[in-house]
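Letter by letter, the chains look like this.
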Amino acid sequence: MYLYNVQLSILFISGTLARPERRFRAAFANALGATCGIASLVYIGKSSDIFPLFDGKDWETTRNLVEDYVHLGVILIAGLPIILHPMVFFAVSLMDPGSLILCVLIGR
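Quick look at the structure, then. Worth saying up front: this structure is predicted, and the values here are computed from it rather than measured. (Residues numbered from 1 in each chain as written. Predicted model: local features only at pLDDT ≥ 70, side-chain atom pairs only at ≥ 80, totals over all residues. Heavy atoms only, no water.)

### As for the packing of helix H3 (residues 60-69) against helix H4 (residues 71-78)
In contact at an axis separation of 5 Å, H3 and H4 are set at 145° when each is read in the N-to-C sense. In contact with Thr 62, Leu 65, Val 66 and Tyr 69 of H3, H4 contributes His 71, Leu 72, Gly 73, Val 74, Leu 76 and Ile 77. Among the residues making up the contact of H3 with H4, the classes are represented as 7 nonpolar, 3 polar and no charged. (Axes fitted to C-alpha atoms, helices over the stretch in contact; angles between N-to-C directions. Helix = DSSP H or I, 4+ residues; strand = E, 2+ residues; numbered from the N terminus. Contact = heavy atoms within 4.5 Å. Nonpolar A, V, L, I, M, F, W, Y, C, P; charged D, E, K, R; others polar.)

### Quick notes on the side chain of Thr 16
With respect to the helices, strands and loops of the structure, Thr 16 is situated in helix H1 (residues 2-18). Residue classification places Thr 16 among the buried residues on the basis of a relative accessible area of 17%. Every residue in contact with Thr 16, bar those within four places of it in the chain, is listed here: Arg 23 and Ala 26. (Buried < 20%, exposed > 50% of the residue type's maximum accessible area, 1.4 Å probe, protein only.)

### What to know about a nonpolar patch on the surface
A contiguous nonpolar surface patch, about 300 Å² in accessible area, is contributed by Phe 12, Ile 13 and Leu 17. For Leu 17, the position within the fold is in helix H1. In this structure Leu 17 comes out as exposed when scored by relative accessible area, which is 65%. (Patch = residues over 30% accessible without salt bridge, like charges linked within 9 Å, V, L, I, M, F, W, Y side chains within 5 Å. Areas by Shrake-Rupley, 256 points an atom, 1.4 Å probe, with all protein chains shown as cover. Salt bridge = Lys/Arg side-chain N within 4 Å of Asp/Glu carboxyl O.)

Given below as structure tokens:
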């Protein structure tokens, strides 16, 4: 899964370096796409009331950042080139969906 994210990041970075005049448009499209994906994930999770639990040491840092800093933690994690699904699962019980989606847009 991490390899898949690395490949997408390399494609995104090389695309923005090839056409630097379009980097702001590409960054906005990336942020908008991530925000729409998170919004649909939150909607599906809230409507079906099913959120899988991410247990284990791999997600401890994400869980601690979200639980300790709530909004600031979500913005920080959303700015990282990692998958956002675990952060959403941890943050959905601490934040309302609108502020979660806004924090992801700001972070991305």
